[in-house]
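# Working through the structure, step by step
For reference, the chains in residue letters:
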Amino acid sequence: MNWLLVAVGAAVGAPLRYLTDRAVQVRHDSVFPWGTFVVNAGASLLLGVLTGALVFSGTYALLGTGLCGALSTYSTFSYETLRLAERGWTFLAVANVGASLLVGLGAVFLGFDVARGLVQ
Amino acid sequence: MSRLSHPTGSEGAIDPDVDLHVPAQRAETAGRGKWRVLAAISAGGVLGALARYGAVVLWPGSVWTVFGVNVVGCALIGVLMVLVSEQGRGHALLRPFLGVGVLGGFTTFSTYAVDVARLLERGEALTAMGYAAGTLAGALGAVWAGVAVTRAAVARAGAAS
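Thresholds, definitions, all that
- Residues numbered from 1 in each chain as written.
- Chains lettered and ligands numbered in written order.
- Predicted model: local features only at pLDDT ≥ 70, side-chain atom pairs only at ≥ 80, totals over all residues.
- Heavy atoms only, no water.
- Helix = DSSP H or I, 4+ residues; strand = E, 2+ residues; numbered from the N terminus.
- Buried < 20%, exposed > 50% of the residue type's maximum accessible area, 1.4 Å probe, protein only.
- Contact = heavy atoms within 4.5 Å.
- Lys, Arg positive; Asp, Glu negative; His and termini not counted.
- Charge placed at Lys NZ, Arg CZ, Asp CG, Glu CD.
- Areas by Shrake-Rupley, 256 points an atom, 1.4 Å probe, with all protein chains shown as cover.
- Buried area = accessible area lost by both parts, 1.4 Å probe.
- Salt bridge = Lys/Arg side-chain N within 4 Å of Asp/Glu carboxyl O.
- Axes fitted to C-alpha atoms, helices over the stretch in contact; angles between N-to-C directions.
- Parallel < 35°, antiparallel > 145°, perpendicular 65-115°, else oblique.
- Left-handed = near helix turned anticlockwise from the far one by under 90°.
- Expected span 1.5 Å × (residues − 1).
- Phe/Tyr/Trp six-rings, centres within 6.5 Å; stacked < 30°, edge-to-face > 60°.
- Lys NZ or Arg CZ within 6 Å of the ring centre and 35° of its normal.
- Core = buried A, V, L, I, M, F, W, Y, C linked by side-chain atoms within 4.5 Å.
- pLDDT = per-residue confidence, 0-100.

## Considering the overall build of chain A
On a plain count of helices and strands, chain A comes out with five helices and zero strands. With 120 residues in all, chain A has 54% of them scored as buried. Summarising the internal contacts of chain A: among those between residues at least 6 apart in sequence, 69% fall at separations of at least 24. Where the 6 positive side-chain charges of chain A centre and where its 5 negative ones centre are 4 Å apart.

See below:
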């Protein structure tokens, strides 16, 4: 059953990343990969809420492993970082790593707090 | 920083999922083709996520399973993007299906961030930092190696032909 829920969540999560990435780029033209930054931070926030709220395993498979897992990406993030460095935007490459880690981690802790506030 | 500073071909793209500086990628959601692209991404995402879930079922209970998933996915995106983006090879849906879908669905940033946060909360700061930095180093090293090896193979094949 969990396999099916992971599949359904991912079927939505992957195109949602693509569409969000496009929507961000349309509104904010930049070399810095804001689109990927936004989806990774958003998925980290949602997964923080789900983890903090100790949701049922089926819910976690659907929204956590499936949706958040496919919405967020490490491959896109690392390829972008390499490309920024290759193109000579070393500062942006370093900033992408630092900002993604700090904001991603901050989003998770915010999600933990939100979930614990909701549960109590 | 402006669009003008970019080459217009896909070889100048920074974002492998979609880079609107590349005219062909900007246009790929126009008209009915949009649904083919989204379906390819969705199908790829399902396969990638199931492979990641399978790895966690096979090797449960350790953050290093997701580490392995992320490092392998990063090596493969390096190989794929050299062939698809720099060489312009393959079907137009190859990047959406394999890059955005399969590899994007396989790798995960959110689980990585949650695992680091949980280690920190449990007071295992050293493991948290080791895992955070180890994944970063492994992922960046893997994508670099994937790109470098594929570029060398393409150059050798080109010289031989």
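Read on, since the account is not over.
## Some words on the overall build of chain B
Scanning chain B for helices and strands turns up six helices and zero strands. When the helices and strands of chain B are listed from N to C terminus, the series reads α-α-α-α-α-α. Dimensions of chain B, computed from C-alpha atoms along their principal axes, come out at roughly 50 × 40 × 35 Å. For chain B, with 161 residues in total, the buried portion stands at 49%. Taking all contacts inside chain B whose residues are at least 6 apart in sequence as the whole, residues at least 24 apart take part in 66%. As presented, chain B carries roughly 7,300 Å² of accessible surface, and 69% of it is formed by carbon and sulfur atoms.

## Considerations on helix α3 (residues 57-71) of chain A
Among the residues of α3 of chain A, those classed as buried are A61, G64, T65, G66, L67, C68, G69, A70 and L71 of chain A. On its buried face, α3 of chain A sits against α1 (2-27) and α2 (34-52) of chain A together with α2 (33-58), α4 (94-106) and α5 (110-121) of chain B.

## Here's the deal with the interface of chain A and chain B
Every contact between the two is made by 55 residues of chain A and, on the other side, 65 residues of chain B. Buried area between chain A and chain B, both sides added, is near 5,100 Å², and the carbon and sulfur share of it is 66%. When the area that chain A buries against chain B is broken down by residue, the three leading residues are Y18, Y74 and Y79 of chain A, summing to 16%. Where chain A packs against chain B, one counts three salt bridges.

## Considering the packing of α1 of chain A against α2 of chain A
All names here are of chain A. At a closest axis distance of 8 Å, the pairing of α1 and α2 adopts a crossing angle of 130 degrees. In this view, α1 runs oblique relative to α2, as classed from their interaxial angle. Crossing of α1 against α2: the hand is right-handed. Here R17, T20, D21 and V24 of α1 lie close against α2, whose contacting residues are W34, G35, T36, V38 and V39.

## Structural notes on α2 of chain A
Taking 1.5 Å per residue as the helical rise, α2 of chain A with its 19 residues ought to reach 27 Å, and the 27 Å between its terminal C-alpha atoms agrees with that figure. The first or second residue beyond α2 of chain A is L54 of chain A, which carries a positive phi of 50 degrees.

## Side note on the pattern of salt bridges
A full pass over the atoms with the stated rule returns eight salt bridges over all chains. The shortest N-O distance in the salt bridge between R151 of chain B and E86 of chain A comes to 2.9 Å. Taken together, the residues span two chains, with R151 of chain B in helix α6 (residues 125-160) and E86 of chain A in helix α4 (residues 75-86). The exposure class assigned to R151 of chain B is partly exposed, which follows from its relative accessible area of 31%. Note on E86 of chain A: relative accessible area 35%, which makes it partly exposed. Salt bridges here are not isolated pairs; linked through shared partners, they connect R83 and E86 of chain A together with E86 and R151 of chain B.

## What about the packing of aromatic side chains?
For the structure shown, the criterion picks out 13 aromatic pairs over all chains. Between F77 of chain A and F109 of chain B the ring centres are 5.5 Å apart and the planes differ by 75 degrees, which places this aromatic pair in the edge-to-face class. In this pair, F77 of chain A is assigned in helix α4 and F109 of chain B in the loop between α4 and α5, connecting two distinct chains. For F77 of chain A, a relative accessible area of 1% translates into the label buried. Site record: aromatic cluster; members linked through ring pairs are Y74 and F77 of chain A together with W64, F67, F109, Y112 and Y131 of chain B. When the ring centre of W35 of chain B is taken as origin, the NZ or CZ atom of K34 of chain B, which lies over that ring, is 5.7 Å away.

## A word on the nonpolar core
Membership of the largest hydrophobic core comes to 38 residues, with the highest contact counts inside it found for Y74 of chain A together with Y112 and Y131 of chain B. Of all the elements in the fold, those that place two or more residues in this core are α2, α3, α4 and α5 (90-119) of chain A together with α3 (63-86), α5 and α6 of chain B. Looking at this core element by element, the count peaks at nine residues for α3 of chain B. Excluding anything up to four places from it in sequence, Y131 of chain B contacts V63, W64, V66, F67, Y112, D115, V116 and L119 of chain B. The next biggest cluster of nonpolar side chains, apart from the first, holds 15 residues, and it includes Y18 and A61 of chain A together with V37 and Y53 of chain B.

## Remarks on the confidence of the model for chain B
All names here are of chain B. Of all residues in chain B, 94% attain a pLDDT of 70 or more, and the chain-wide mean is 92. Within chain B, α5 carries the highest mean pLDDT (98), whereas helix α1 (residues 23-26) carries the lowest (92). Low pLDDT (under 50) marks residues 1-6, which in the prediction has 14 contacts with non-local residues, meaning those over four places away or in another chain.

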